Every structure is written in structure tokens, then in C-alpha cells.
Amino acid sequence: KGLSYKERQAEELRQLEERLSAEEGFAGRPLSAEEAAIIEEGGTDQEPGPYAGKQFLPTRGYFACKKCGSCLYMAEAKFVH
């Protein structure tokens, strides 16, 4: 017997969290010109990102600065589960 709908949803979320999670010891990375304009100069995204209009509610971890790797906020603090 296959997974139930709820089990499939939980597995999809787990896989998405794994794919979007930074490696252990992440300390940032060089920015593209567009990323630098947004992060360093206070610009805005010109086009919707790949997750625009999609709900992603991580259950663990934290959101890190792409430039330096510093923790911006914990997933638990940002979303109500």
C-alpha cells in the first residue's frame, strides 16, 4: 500500500526543506549583481521568485542571509504551524 495523502504531503515538505537547506557551516557566498543590488542597496526583486504564490511553511531551521550566512529568523518564529 502506498502513502496516504497526508503522508505524501509531509514527505514532499521534508524533501523541499532538505533541498532548500544550506550545508552545515554555511557562511554565505558571493552574490550575483542582482542579489547585491537587492541585499546591499535595498533594491527589490524585479520578477516573482520561483516560490511566488506558493505556500512554504518550513518546520525546522532558520532563514539565513545569503551574503554572510547569519541567522535572520527561526522558522518557528516566522510561521505558525
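The following refers to the structure shown. None of the values given here were measured: they were computed from a predicted structure.

1. Points about the overall build of the chain
Move 1: Each helix and strand in the chain was counted, giving three helices and two strands.
Move 2: Ordered by position in the sequence, the α and β elements of the chain form the string α-α-β-β-α.
Move 3: The buried share among the 81 residues of the chain stands at 11%.
Move 4: When the accessible area of the chain is evaluated, it comes to approximately 6,700 Å², of which 53% is carbon and sulfur surface.

2. Some remarks on the side chain of Glu35
Move 1: Relative to the helices and strands, Glu35 resides in helix 2 (residues 33–39).
Move 2: Residue classification places Glu35 among the buried positions, given a relative accessible area of 16%.
Move 3: Here Lys66 takes part through its side chain, which lies 2.7 Å from a polar atom of the side chain of Glu35.

3. Some details on the state of the cysteines
Move 1: Going through the model one piece at a time under the given rule, you end up with zero disulfides.
Move 2: Here Cys65 is not cross-linked by a disulfide; its sulfur's nearest cysteine counterpart is in Cys68, at 3.8 Å.
Move 3: We classify Cys65 as buried; its relative accessible area is 16%.

4. Quick look at the environment of Leu20
Move 1: Tracing the backbone shows Leu20 in helix 1 (residues 5–20).
Move 2: A sequence separation of 38 residues divides Leu20 from Pro58, and the C-alpha atoms of the two residues are 9.8 Å apart.

5. Here's the deal with the pairing of strand 2 (residues 71–74)
Move 1: With three bridges joining them, strand 1 (residues 62–64) and strand 2 adopt antiparallel strand pairing. Pairing of Ala64 across the sheet is with Cys71, part of strand 2.

6. Some remarks on the pattern of salt bridges
Move 1: Evaluation of the coordinates by the stated rule reveals four salt bridges.
Move 2: The salt bridge involving Glu35 is made with Arg29; its shortest N-O contact spans 2.9 Å.
Move 3: Taking relative accessible area as the criterion, Arg29 reaches 34% and is therefore assigned partly exposed.
Move 4: Its salt-bridge partner being Glu35, residue Lys66 comes within 2.7 Å of it at the nearest N-O pair. A residue pair is termed long-range when its members are at least 10 positions apart, and Lys66 in the loop between strand 1 and strand 2 and Glu35 in helix 2 qualify at 31 residues.
Move 5: For Lys66, a relative accessible area of 37% translates into the label partly exposed.
Move 6: Residues joined by salt bridges that share partners form a network here, namely Arg29, Glu35 and Lys66.

Criteria and thresholds
- Residues numbered from 1 in each chain as written.
- Predicted model: local features only at pLDDT ≥ 70, side-chain atom pairs only at ≥ 80, totals over all residues.
- Heavy atoms only, no water.
- Helix = DSSP H or I, 4+ residues; strand = E, 2+ residues; numbered from the N terminus.
- Buried < 20%, exposed > 50% of the residue type's maximum accessible area, 1.4 Å probe, protein only.
- Areas by Shrake-Rupley, 256 points an atom, 1.4 Å probe, with all protein chains shown as cover.
- Polar contact = N/O pair within 3.5 Å; in protein donor to acceptor, adjacent residues only side chain to side chain.
- Disulfide = S-S within 2.5 Å.
- Pairing = 2+ DSSP bridges.
- Salt bridge = Lys/Arg side-chain N within 4 Å of Asp/Glu carboxyl O.

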